[in-house]
Amino acid sequence: MKLPSLPRIDLLEPAVMLATVVQWLILASLTGLVVGVGTSLFLHALFFATGRTQSMPLWAYWALLPLAGLANGLLMGHARRRLDASGLKDSIFAAVHEQGGRMPWRTLWIKPVAAIITLASGGSAGKEGPCSHLGASLGSVIGQVFRLNAELRQRIVACGVSAGFASVFGTPLAGALYGVEMLIIGRIRHDFLFPALIAGMTSYQVSKALGIPYEHYAIDVLPVFSEWLFLRTILVGMLCGLVARVFVDLIYAVRNACHRLQARWAVWPPLMPLAGGIALALLVTFAIPTDYLGLSLPLMDRALAGEAMPYAGFLWKTILVAVTLGSGFYGGIVTPQFVIGAVAGNAFAHLFGISPSLGAAVGLVSVVAAASNTPLAAILMGVELFGGTVGTLYAAGSAIAAYLIIGHRSVYPDQRLGYAKSSWMRVRPDIPVGQEKTHLSYGLLKSWRQMRKRGWRIWLEPAGRRAGGAPHARESGRDDAQS
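Residues numbered from 1 in each chain as written. Predicted model: local features only at pLDDT ≥ 70, side-chain atom pairs only at ≥ 80, totals over all residues. Heavy atoms only, no water.

Concerning the overall build of the chain
And step 1. Summing up its helical and strand segments, the chain has 20 helices and four strands in all.
And step 2. Each of the 483 residues in the chain was classed as buried or not, and the buried ones make up 53%.
And step 3. A separation threshold of at least 6 residues defines the contact pool for the chain, and within that pool the share at least 24 residues apart is 75%.
And step 4. As displayed, the chain has an accessible area near 22,300 Å², and 65% of this comes from carbon and sulfur atoms. (Helix = DSSP H or I, 4+ residues; strand = E, 2+ residues; numbered from the N terminus. Buried < 20%, exposed > 50% of the residue type's maximum accessible area, 1.4 Å probe, protein only. Contact = heavy atoms within 4.5 Å. Areas by Shrake-Rupley, 256 points an atom, 1.4 Å probe, with all protein chains shown as cover.)

Some remarks on the nonpolar core
One broad rule of soluble globular proteins: the nonpolar side chains tend to lie buried together.
And step 1. In terms of nonpolar packing, the biggest core is built from 130 residues, with F247, L304, I333, F338, L364, F386 and Y412 touching the most fellow members.
And step 2. Residues contacting I333, with those up to four places away along its chain left out, are E128, F247, I251, V321, L325, V411 and Y412.
And step 3. I185, Y403, L417 and V427 belong to the second-largest nonpolar core, a separate cluster that totals five residues. (Core = buried A, V, L, I, M, F, W, Y, C linked by side-chain atoms within 4.5 Å.)

Points about the confidence of the model for the chain
And step 1. Per-chain confidence: the chain averages 88 in pLDDT, with 89% of residues scoring 70 or above.
And step 2. Predicted confidence for residues 466–483 stays below pLDDT 50, and this span has 15 contacts to residues more than four positions away or in other chains. (pLDDT = per-residue confidence, 0-100.)

Here we look at the packing of aromatic side chains
And step 1. Within the structure shown, the criterion is met by nine aromatic pairs.
And step 2. A network of ring pairs unites the aromatic residues F165, F169, Y178 and F338 as a single cluster.
And step 3. When the ring centre of Y403 is taken as reference, the NZ or CZ atom of K421 above it lies at 3.9 Å. (Phe/Tyr/Trp six-rings, centres within 6.5 Å; stacked < 30°, edge-to-face > 60°. Lys NZ or Arg CZ within 6 Å of the ring centre and 35° of its normal.)

Thoughts on the UniProt feature "transmembrane region" (unreviewed entry) in the chain
And step 1. The UniProt record marks residues 21–47, 59–79, 156–180, 229–254, 266–288, 308–335, 347–371 and 377–406 with the feature "transmembrane region" (unreviewed entry), using the residue numbering of this structure.
And step 2. Between the C-alpha atoms that bound residues 156–180 the distance is 11 Å, and the span itself is 92% helix and 0% strand.
And step 3. Counted over residues 229–254, helix gives 100% and strand 0%. Its end C-alpha atoms are 38 Å apart. (UniProt positions renumbered as here; feature names shortened; annotations may be inferred.)

Some details on a nonpolar patch on the surface
And step 1. Side chains of L18, V21, V22, L25, I26 and F194 sit close together on the surface and give an oily, nonpolar patch of about 510 Å² of accessible area.
And step 2. Residue contributions to the nonpolar patch peak at five residues, all from helix α1 (residues 12–53).
And step 3. With respect to the element layout, F194 can be found in helix α8 (residues 193–209).
And step 4. Given the relative accessible area of 33%, F194 is considered partly exposed. (Patch = residues over 30% accessible without salt bridge, like charges linked within 9 Å, V, L, I, M, F, W, Y side chains within 5 Å. Salt bridge = Lys/Arg side-chain N within 4 Å of Asp/Glu carboxyl O.)

Some thoughts on the packing of helix α15 (residues 375–386) against helix α16 (residues 392–405)
And step 1. Following both chains from N to C, one finds α15 and α16 inclined at 150°, their axes separated by 9 Å at the closest point. In terms of orientation, α15 lies roughly antiparallel with respect to α16. Considering only the axes of α15 and α16, their crossing is right-handed. Facing P375, I379 and V383 of α15, the residues of α16 in contact are T392, A395, A396, A399, I400 and Y403. (Axes fitted to C-alpha atoms, helices over the stretch in contact; angles between N-to-C directions. Parallel < 35°, antiparallel > 145°, perpendicular 65-115°, else oblique. Left-handed = near helix turned anticlockwise from the far one by under 90°.)

Side note on the environment of A253
And step 1. Residue placement: A253 occurs in helix α9 (residues 227–265).
And step 2. A relative accessible area of 40% places A253 in the partly exposed class.
And step 3. Linking A253 and A322, residues 69 residues apart in sequence, is a C-alpha distance of 8.3 Å.

What to know about unusual backbone geometry
And step 1. For R147, which is not glycine, the phi dihedral falls at a positive 55°.
And step 2. Turning to its location among the elements, R147 is positioned in the loop between α5 (128–145) and α6 (150–169).
And step 3. Positive phi is not limited to glycine here, since N373 has a value of about 55°.

Brief notes about the pattern of salt bridges
And step 1. Applying the stated criterion across every chain yields a total of twelve salt bridges.
And step 2. Where E98 meets K89, a salt bridge forms, and the shortest distance between an N and an O atom there is 3.3 Å.
And step 3. The closest approach of N and O atoms between R409 and D249, which form a salt bridge, is 2.9 Å. Separated by 160 residues along the polypeptide, R409 in the loop between α16 and β2 (416–417) and D249 in helix α9 bring together distant segments of the chain.
And step 4. Look at D249 and you get partly exposed, because its relative accessible area is 31%.
And step 5. Several salt bridges converge on common partners, so that one network encompasses E151, R155, R189 and D191.

Brief notes about helix α12 (residues 313–327)
And step 1. For α12, which comprises 15 residues, the first-to-last C-alpha distance of 21 Å matches the rise-based estimate of 21 Å (1.5 Å per residue) to within 8%.
And step 2. Counting buried positions over the 15 residues of α12 gives twelve, a clear majority of the element.
And step 3. What α12 keeps buried is the set G313, F314, K317, T318, L320, V321, A322, V323, T324, L325, G326 and S327.
And step 4. On its buried side, α12 packs onto α4 (110–121), α9, α10 (271–286) and α13 (335–349). (Expected span 1.5 Å × (residues − 1).)

Concerning the packing of α4 against α5
And step 1. Following both chains from N to C, one finds α4 and α5 inclined at 170°, their axes separated by 9 Å at the closest point. With respect to α5, the element α4 is oriented roughly antiparallel. In contact with K111, P112 and A115 of α4, α5 contributes P130, H133 and L134.
And step 2. For the contact of α4 with α5, the class distribution of residues is four nonpolar, one polar and one charged. (Nonpolar A, V, L, I, M, F, W, Y, C, P; charged D, E, K, R; others polar.)

Description of the environment of L25
And step 1. The residue L25 is located in helix α1 in this model.
And step 2. With 169 residues separating them along the chain, L25 and F194 place their C-alpha atoms 8.8 Å apart.
And step 3. Not counting residues up to four positions away in its chain, the partners in contact with L25 are F194 and I198.

As structure tokens, then:
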């Protein structure tokens, strides 16, 4: 009896894979080291600036917010002129998908400075945007210094983004995955994962050594797993998916309105964020508590601790973020998702008989999963932030439900579409989500036309009559054949 021949062992492939691992252990560790130092310097400067303005009287916002808006407008205008001269886009997505891992490093300092001005004056935004931008820019510089090819530069830019997120939030695993998962909706570049993980872990350790404080949260101990509780957390996740949709749509609405006003009246661009600063001062004077300005992290802490949050709390924060970023201030977009998710989950929890702290935790995870289209990173973030006590299954169910409910929207208009989220929808792959319109699938459209043509009666009749061929069904069949 002839035995089947064993597959030939190719000795070259394991050697190449070993060299790849060693290569990224060196390059990604270097990237994480550089990005960790850069983001730590930024965060220390941010903490210093916001610490001086944290307890401002109300009248001070009327002075600082408009001036900060004007400063943001001037800085971003200077950045646009430098970008036009370089011919490169200052975008992580463009760097990875279009520019072969190249970023315009001469504008590297502008966004971090603008973000410090925004947050120190009370503008409602996040701190992670400048860190991810710093990470991508520094990664691009490293790629150019070592004369890496375009494919390796793309990966090292993704490494820098992951390192920035890991450093700012203190979540190395979630940060590493976020920097990769955010690039394309529905598709993950697995070849980016190992370098992103090494860079994220290194950056986190460097920032911790340089004195960046990180906070983790203790959630009430959960009972043993319950299918009923699991379903209720999914319902909370679905509501938070709608909250994330309101968040994304309102930011776009304010931004588009500001662009139309500027074009219609030929407004000098720096005046738009100045007007946004005045609008923010009006809002906190007459309608919204000042707790919702700035990073609002104490508000998130209170929600996670179980303190009751108002139903309109998420909307107040959403409005302030939309006015801040939509009018032309610069800042991050993920930290507000934390706050909005925690406040909304806390407020909705009692509707489903869930503890407010658990509702806040799953709400935080759900809004990040939905608004950024990063469900896996959001689940890992929940595990890392809450020490696993929140229950991975509860976080996973709510996060994925929210990710589906929001549809094909994103806080990142340049985020690419890989696959549609439903088999009943279709999208063109690799198109920015801000440019692509989703469409119903052909099969669903065909079924809808048949229902409209035949009427709902055929779907309500007993199966026997439909099989036997009722007169109206036979007539509809003849009509279909003629059409």
